Amino acid sequence: MSQRRLPSLSSLRAFEAAARHESAKQAAQELSVTATAISHQIRGLEASLGVSLFIRKPRQLTLTSQGRELFQTLKTAFDSISHVVDQLSAVPVRQTVTLSTTPAVAMRWLLPWVCLLRDSHPDIDLRVHASHEPVVLDGLTADVAIRYGDGRWPGLAAEKLFDNTFIPTCSPNLGLHEVTQLPLHPLIHFRNQGAVSAPLDWDVWQKRAKVPGLDVTAGLVFSDETHAISAAIGEQGVALMSRQLIRDELEDGRLVQPFGPEFDGKPFFLVYPESRQQDPTILAIRDWVRSIPGGLCTLS
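Rules of the game
- Residues numbered from 1 in each chain as written.
- Predicted model: local features only at pLDDT ≥ 70, side-chain atom pairs only at ≥ 80, totals over all residues.
- Heavy atoms only, no water.
- Phe/Tyr/Trp six-rings, centres within 6.5 Å; stacked < 30°, edge-to-face > 60°.
- Helix = DSSP H or I, 4+ residues; strand = E, 2+ residues; numbered from the N terminus.
- Buried < 20%, exposed > 50% of the residue type's maximum accessible area, 1.4 Å probe, protein only.
- Lys NZ or Arg CZ within 6 Å of the ring centre and 35° of its normal.
- Pairing = 2+ DSSP bridges.
- Contact = heavy atoms within 4.5 Å.
- Axes fitted to C-alpha atoms, helices over the stretch in contact; angles between N-to-C directions.
- Salt bridge = Lys/Arg side-chain N within 4 Å of Asp/Glu carboxyl O.

(A) Region of the structure containing the packing of aromatic side chains. According to the stated counting rule, one finds seven aromatic pairs in the structure shown. Each ring, one from phenylalanine 15 and one from phenylalanine 54, has its centre 5.4 Å from the other, and the planes form 55 degrees; the classification is tilted. With phenylalanine 15 in helix H1 (residues 9-21) and phenylalanine 54 in strand S1 (residues 54-57), this pair connects stretches of sequence that are 39 residues apart. With a centroid separation of 5.4 Å and 75 degrees between ring planes, the pair formed by tyrosine 148 and phenylalanine 268 is classed as edge-to-face. Of this pair, tyrosine 148 sits in strand S5 (residues 144-148) while phenylalanine 268 sits in strand S12 (residues 268-273), and the two are 120 residues apart along the sequence. The residues tyrosine 148 and phenylalanine 268 share a single accessibility class, namely buried. An aromatic cluster of three or more residues is present, and its members are Trp109, Tyr148, Phe162 and Phe268. Above the face of the phenylalanine 263 ring, arginine 208 is positioned so that its terminal group lies 3.9 Å from the ring centre.

(B) Representation of the sheet that holds strand S10 (residues 238-242). Pairing in this open sheet of five strands is mixed, and the strands run S9-S8-S10-S7-S11 from one edge to the other. Two strands lie at the open edges of the sheet, namely strand S9 (220-222) and strand S11 (263-264), each paired on one side alone. Note: strand S7 (residues 165-169) against S10, four bridges, orientation antiparallel. Its bridge partner lying in S10, threonine 169 is registered against alanine 239. Packed on one face of the sheet, helix H7 (residues 202-209) meets S7, strand S8 (187-190), S10 and S11 and runs near 100 degrees to S10.

(C) Representation of the pattern of salt bridges in the model. A full pass over the atoms with the stated rule returns 16 salt bridges. The partner of arginine 56 in a salt bridge is glutamate 46, with the nearest N and O atoms 2.9 Å apart. Of this pair, arginine 56 sits in strand S1 while glutamate 46 sits in helix H3 (residues 35-49), and the two are ten residues apart along the sequence. Close ionic contact of aspartate 143 with arginine 276 constitutes a salt bridge, the shortest N to O distance being 2.8 Å. A residue pair is termed long-range when its members are at least 10 positions apart, and aspartate 143 in the loop between strand S4 (124-130) and S5 and arginine 276 in the loop between S12 and helix H10 (280-291) qualify at 133 residues. Through salt bridges that share partners, Arg108, Glu249, Asp252 and Arg254 make up one connected network.

Quick look at the structure:
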């Protein structure tokens, strides 16, 4: 390959900037040099090419025909170089998504499967907002949420994830088998003052079960479902818990359901603003949540 015969890059840049601005002064400001330096570079370029590139007028530079030809070629070349440099140096844009849900759903259902989201969308940084209080999905506090309720929230799209069935549960080591034995064991309660709607509690359960001698006001009270579950596993009493949130403990035998009745509470929904239904980031979170084992709406 023959060697290219090219003028200096600095003289070509000086000429292209001066031609674009029609001013040596403005070209000097763009390239952070003096106007004298720009004029010197252009005159050197004209001398090496043997042509005049500008018609010089007071406070204005006008391109000659040869100058216009060179300017168009340089402008196209510099634009192409700039585009390639931008592509090569561009840092991948990361997306941050905040998902709000209850502490128990976050720890016991979502977090074990964060790896699925990381593998499929490594450019998404997930932030989990764990609270019993619903927050506004304004893109600042949170973007998407998992809530239990009737599925109707104004301005929000809602997709059912799983039912919320409450059952009596305890450690098998308590040896509890008959509902008549329940008054002999402490009750474990979950109550959170910040929740807009409370899950089913022992008072509601007792109205249907009507167990003689059962005091539903007594027992251990926790403000976090995960603590109530830990207490039940630790043989501290009998808890009324969502079956879906203790599925692993029921399957491996750390917890058992000794008797009924069981109650259907309000289901869990994935909710996000209707205005963001086509947002690629929201769709990525939606697909991830729906793919988690245990939900009603897993994707094929």
